[in-house]
Every structure is written in structure tokens, then in C-alpha cells.
Amino acid sequence: QEQAETAGRGFAPEKGRLLAPWKKASRSRQCICLSEGEGARLKAEYVLHKDVEQLVVRTTHAAGRREVLVCATASVEDIYTIEDGEECFPPHILGSLTSAERGRLISILHAVDVDADVDDGHDSDRLASLYLLELSREGRDNLLQRLQTLVYL
């Protein structure tokens, strides 16, 4: 009986243990966000919220316009780094990076509700990629580990 109760709880205790250090340390981190369309570099900062339900990226465009991108962790389909292969990234993104920068790149493939204002009873999600260039490889690895823990456990 005890074994059945443990199996029913799944990974919840393990997930809580792995996330404990980050629940207290959910402060923003500086990075560069590469726009999906043209690969433009945007000053950005991100935060993985304490409630671990979303990644929020705030970008600043050259003209000073600010944008907030919200990625619910439940919508993440996959996460890529250069170690997964160059074919995981569009040529215009890779072409805009030095070889050292490629090691700091992370791509987050996630579902986006394109008709959020229309409730027609149909799912109208499409996939989008969020490209973040961390300030260091260690920063990228930390973000990758945190996201993997949230998304895959």
C-alpha cells in the first residue's frame, strides 16, 4: 500500500528538493535576447518566478521600447543548447554569434496561444522559440538545469 501511495505522488518531493535553492533566489538576471525573426540583439533580463510557473523576459529595444515576454513552464516543448546540434537553431541566429557566444546560447521552444482573446473552443497554439544569450556558460547551464527541473519533472 505504501508503495502505491508513493507512486501516485510521482516526482513532487524530488522536484521540491531540487527547486528549493531557487525559490529563494528568484532575482532577475541580465542577458541578451535574440529576436526570433531577424536575430536582433536586445538588452534583456529574465526571472524564473518563485512560484516556478513562468519565465518572464523583459527586453529593451534600441529605440527604448520595452517588451515583456512570458513563457509558462507548462508550455515548454523543448530546450536546446549548441551541444544538441547546430540544426536546432536557425542559420540567422547562429550566424549572428561568435563561437564563444554559441556556448552561452539557449533556445526555449514553447507553445504560444495566438488567439488568447478569442474563446472559440479551439486550441490555436503555435510554437515559438525564445533565444537567450547568457553572460556566461555557467549562467546558461544554471538556467538550463532550472528549466529542465521545472519542465521535465
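Structure shown above.
Thresholds applied
- Residues numbered from 1 in each chain as written.
- Predicted model: local features only at pLDDT ≥ 70, side-chain atom pairs only at ≥ 80, totals over all residues.
- Heavy atoms only, no water.
- Phe/Tyr/Trp six-rings, centres within 6.5 Å; stacked < 30°, edge-to-face > 60°.
- Helix = DSSP H or I, 4+ residues; strand = E, 2+ residues; numbered from the N terminus.
- Buried < 20%, exposed > 50% of the residue type's maximum accessible area, 1.4 Å probe, protein only.
- Salt bridge = Lys/Arg side-chain N within 4 Å of Asp/Glu carboxyl O.

Undergrad: Whenever I open this one, the packing of aromatic side chains confuses me. Can you help?
TA: Where two aromatic rings form a pair, the distance of their centres and the angle of their planes describe that pair. This model, assessed by the stated rule, comprises one aromatic pair. Taking the centre distance of 6.5 Å and the plane angle of 45° together, the rings of Phe89 and Tyr131 count as tilted. One end of the pair, Phe89, is in the loop between strand E5 (76–81) and helix H3 (91–95); the other, Tyr131, is in strand E7 (residues 125–133), and 42 residues separate them in sequence. Side by side, Phe89 and Tyr131 carry an identical accessibility label, which is buried.

Undergrad: Can you walk me through the pattern of salt bridges in this structure?
TA: Once their charged atoms are close, side chains differing in charge can pair, the charge on each being opposite to the other. Applying the stated criterion to the full structure yields six salt bridges. The salt bridge involving Arg41 is made with Glu101; its shortest N-O contact spans 2.7 Å. Here the residue Arg41 occupies a position in strand E2 (residues 41–48), and Glu101 occupies one in helix H4 (residues 99–102), the gap between them amounting to 60 residues. The exposure class assigned to Arg41 is partly exposed, which follows from its relative accessible area of 40%. Since its relative accessible area comes to 13%, Glu101 is described here as buried. The shortest N-O distance in the salt bridge between Glu86 and Arg102 comes to 2.9 Å. You can see Glu86 sitting in the loop between E5 and H3 and its partner Arg102 sitting in helix H4, a full 16 residues away along the chain. The network of salt bridges with shared partners includes Glu83, Arg137, Arg140 and Asp141.

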